[in-house]
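An overview of the molecular structure
Residues per chain, in single letters:
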Amino acid sequence: MKKTVTQLADGRELIYYDSGDSEARGAYADARPLEAVRTTSQIRLDPVLGEWVAVAAHRQSRTFHPPADSCPLCPSKDGWQSEIPAPDYEVVAFENRFPSLSGAPDPHDRLVGSLPHHMHSGGGRCEVVCFTSDHNATFADLGEARVGLVLEAWTDRTAELSAMPGIRQVYCFENRGIEIGVTLQHPHGQIYAFPYVPPKTARALETAIVHRRRTGRNLFEDIVAAERAGGRVVLETPEWTAFVPFAARWPYEVHLYPNRRVSDFTSLDDAQRATFPAVYLDLLRRFDRLFIEAETRTPYIAAWHQAPGVAGGDELALHLELFTVRRTADKLKHLAGTESGMGAFMNDVLPEQAAERLREAASS
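So, a few notes on the structure that sits alongside this text. Remember, predicted model here, so these are calculated numbers, not experimental data.

Structural notes on helix H3 (residues 219-228)
- Those residues of H3 that sit buried are Leu219, Phe220, Val224 and Glu227. Buried residues of H3, seen end-on, are gathered within an arc of 130° and therefore sit on one face of the element.
- Where H3 is buried, its residues touch helix H2 (199-215), strand E11 (233-236), strand E12 (240-243), strand E13 (252-258) and strand E15 (319-324).
- Capping the start of H3, Asn218 holds a side-chain oxygen 2.9 Å from the backbone nitrogen of Phe220, two or three residues further along.

See the structure below:
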């Protein structure tokens, strides 16, 4: 892999990832007359739940469903200068121009007003990762070599962002489909470097520590062992296992784990890396076959969970949570009042039946 680091006109970092060493992507300068990015990101503590909430009012003006010939994630061309100055690329990552998390970290936890209102200014980083220069492709259309390069990019970004001051967790994810709320159709994902431990990770860490104290074992190793012996496995290889979780929240939800537990992308071994592309592509293509009668491809969120950089964080395990809001070809699962208001999920599809459908969706 060749990595080329350069800057956009407003000073944001841009990084090209290439499978060969012959490309000179950095030779293409960003000629746009951009002003420096100014953000107003704040992190406020919910005094009831004890959870941090990011407030980023500057994002109201972000790009929203541009025409295909004005896509900011396509390569630059005559008459159109995008976020990527080069006329072509394989994989590229760059700082988001409209970040939810941004700025120099504020080390001070300030009390605001007479109530227990705590706030930080700045902190964290948000990046965009483009998987291909082909505007009309999706991740499932990529070849295994390109997926391997994406994995290298995720690994590199995890290592670099984790080392930044104040970063507690690096989260790589992809949203696909307008039903999910995607505003740019070009195949891409994002990376959030959180200056705090997000609520879901914090809760999982608490549960894993309790499990360790009670059993002397790792929670996630026990989960994978139990699922491999159960009836909800969708696919398994010597290195990876994908299954529908026992208490799935979404109509079709699959979790993918390496069989040997690792904390993050940087800890994957050669065998895990070599076999990952085929497994991941298989899962994504199965999701598309679930609703082949639909007019659009299956919308999904692909969320990669990694261990946070806090005490006890190594109890957690790298894994993917892949799920869709589509429950039938013409029906979506919208969050009900119990789910949005109380966080109490109600699933319409039996997990065992979902696993059976996903097994049947294997390519012939």
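Here we look at the nonpolar core
- Of all hydrophobic cores here, the largest spans 53 residues; its most connected members are Phe139, Trp154, Leu256, Phe276, Tyr280 and Trp304.
- In this view, Phe139 contacts Phe131, Val147, Val150, Trp154, Glu174, Tyr280, Leu281, Leu284 and Tyr300; residues no more than four positions away in its chain are not counted.
- In this structure, Tyr16, Cys71, Ile84 and Phe94 belong to the second largest nonpolar core, which totals 14 residues.

Description of the packing of aromatic side chains
- For the structure shown, the criterion picks out 22 aromatic pairs.
- Seen from their ring centres, Tyr192 and Phe194 are 5.8 Å apart, and the 55° between their planes marks the pair as tilted.
- With relative accessibility at 13%, the residue Tyr192 sits in the buried group.
- Looking at Phe194, the relative accessible area reads 11%, which means it is buried.
- Within the aromatic cluster, the residues linked to one another by ring pairs are Phe131, Phe139, Trp154, Trp240, Phe265, Phe276, Tyr280 and Trp304.

Considering the sheet that holds strand E7 (residues 118-121)
- Taking strand neighbours across the sheet as the criterion, the four strands line up as E4-E3-E7-E6 in an open arrangement whose pairing is antiparallel. The strands lining the two open edges of the sheet, one partner per strand, are strand E4 (51-55) and strand E6 (110-111).
- Summarising the sheet, strand E3 (residues 42-46) and E4 pair through five bridges and their orientation is antiparallel. Counted as the bridge partner of Ile43 is Ala54 from E4.

What about the pairing of strand E10 (residues 188-194)?
- With seven of its seven residues buried, E10 lies for the most part within the structure.
- Of the two faces of E10, the one lined by His188, Gln190, Tyr192 and Phe194 and the one lined by Gly189, Ile191 and Ala193 are each fully buried.
- Of the pairings in the sheet, the one linking strand E8 (residues 125-130) to E10 comprises six bridges and is antiparallel in character. Counted as the bridge partner of Arg125 is Ala193 from E10.

Focus on the pairing of strand E5 (residues 91-95)
- Counting buried positions along E5 gives five out of five residues, so the element sits mostly inside the fold.
- Side-chain alternation along E5 places Val91, Ala93 and Glu95 on one buried face and Val92 and Phe94 on a second face that is also buried.
- In terms of strand pairing, strand E2 (residues 13-18) meets E5 through four bridges, oriented antiparallel. Directly across from Leu14, in E5, lies its bridge partner Phe94.
- Strand direction decides the pairing type here: E5 and E8, joined by four bridges, are antiparallel. The partner of Glu95 across the bridge, within E8, is Glu127.

Observations concerning the state of the cysteines
- Scanning all chains against the criterion turns up zero disulfides.
- Cys74 takes part in no disulfide bond, and the closest cysteine sulfur, belonging to Cys71, lies 3.9 Å away.

Looking at the sheet that holds E8
- Taking strand neighbours across the sheet as the criterion, the eleven strands line up as E1-E2-E5-E8-E10-E9-E14-E15-E13-E12-E11 in an open arrangement whose pairing is antiparallel. The two strands at the open ends of the sheet, each matched to only one other strand, are strand E1 (2-7) and E11. Direction aside, neighbouring strands of the sheet carry axes that sit 20° apart on average.
- Bridge count between E12 and E13: four bridges; the pairing is antiparallel. Looking at E13, one finds that Trp240 is bridged to Pro258.
- Strands strand E9 (169-176), E11, E12, E13, strand E14 (300-305) and E15 of the sheet are contacted by helix H4 (residues 270-290), whose axis makes an angle of about 175° with E13.

Focus on the environment of Val128
- Among the structural elements, Val128 can be located in strand E8.
- For the pair formed by Val128 and Tyr28, sequence separation is 100 residues and the distance between their alpha carbons is 19 Å.
- Excluding its chain neighbours within four sequence positions, the residues that come into contact with Val128 are Leu73, Val92, Ala93, Phe94, Asn96, His188, Gly189 and Gln190.

Quick word on the side chain of Arg286
- Summarising the element assignment, Arg286 is placed in helix H4.
- Among all residues touching Arg286, those that are not within four sequence positions of it are Val234, Leu235, Leu358, Arg359, Ala361 and Ala362.

Details of the side chain of Ser100
- Considering the arrangement of structural elements, one finds Ser100 in the loop between E5 and E6.
- Residue Ser100 is classed as buried on the basis of its relative accessible area, which comes to 12%.
- Ignoring anything within four residues of it in the chain, the contact list for Ser100 reads Ser41, Ala54, Ala56, Arg59, Cys126 and Tyr192.

Section: the pattern of salt bridges
- Inspection of the entire model under this criterion finds 33 salt bridges.
- Salt-bridge contacts for Asp141 lead to Arg297; the nearest nitrogen and oxygen are separated by 3.0 Å. With Asp141 in the loop between E8 and helix H1 (144-162) and Arg297 in the loop between H4 and E14, this pair connects stretches of sequence that are 156 residues apart.
- Given a relative accessible area of 40%, Asp141 falls into the partly exposed group.
- The partner of Glu315 in a salt bridge is Arg212, with the nearest N and O atoms 2.9 Å apart. Of this pair, Glu315 sits in the loop between E14 and E15 while Arg212 sits in helix H2, and the two are 103 residues apart along the sequence.
- Residue classification places Glu315 among the buried residues on the basis of a relative accessible area of 12%.

Cut-offs applied
- Residues numbered from 1 in each chain as written.
- Predicted model: local features only at pLDDT ≥ 70, side-chain atom pairs only at ≥ 80, totals over all residues.
- Heavy atoms only, no water.
- Buried < 20%, exposed > 50% of the residue type's maximum accessible area, 1.4 Å probe, protein only.
- Helix = DSSP H or I, 4+ residues; strand = E, 2+ residues; numbered from the N terminus.
- Arc of directions from axis to C-beta.
- Contact = heavy atoms within 4.5 Å.
- Polar contact = N/O pair within 3.5 Å; in protein donor to acceptor, adjacent residues only side chain to side chain.
- Core = buried A, V, L, I, M, F, W, Y, C linked by side-chain atoms within 4.5 Å.
- Phe/Tyr/Trp six-rings, centres within 6.5 Å; stacked < 30°, edge-to-face > 60°.
- Pairing = 2+ DSSP bridges.
- Disulfide = S-S within 2.5 Å.
- Axes fitted to C-alpha atoms, helices over the stretch in contact; angles between N-to-C directions.
- Salt bridge = Lys/Arg side-chain N within 4 Å of Asp/Glu carboxyl O.

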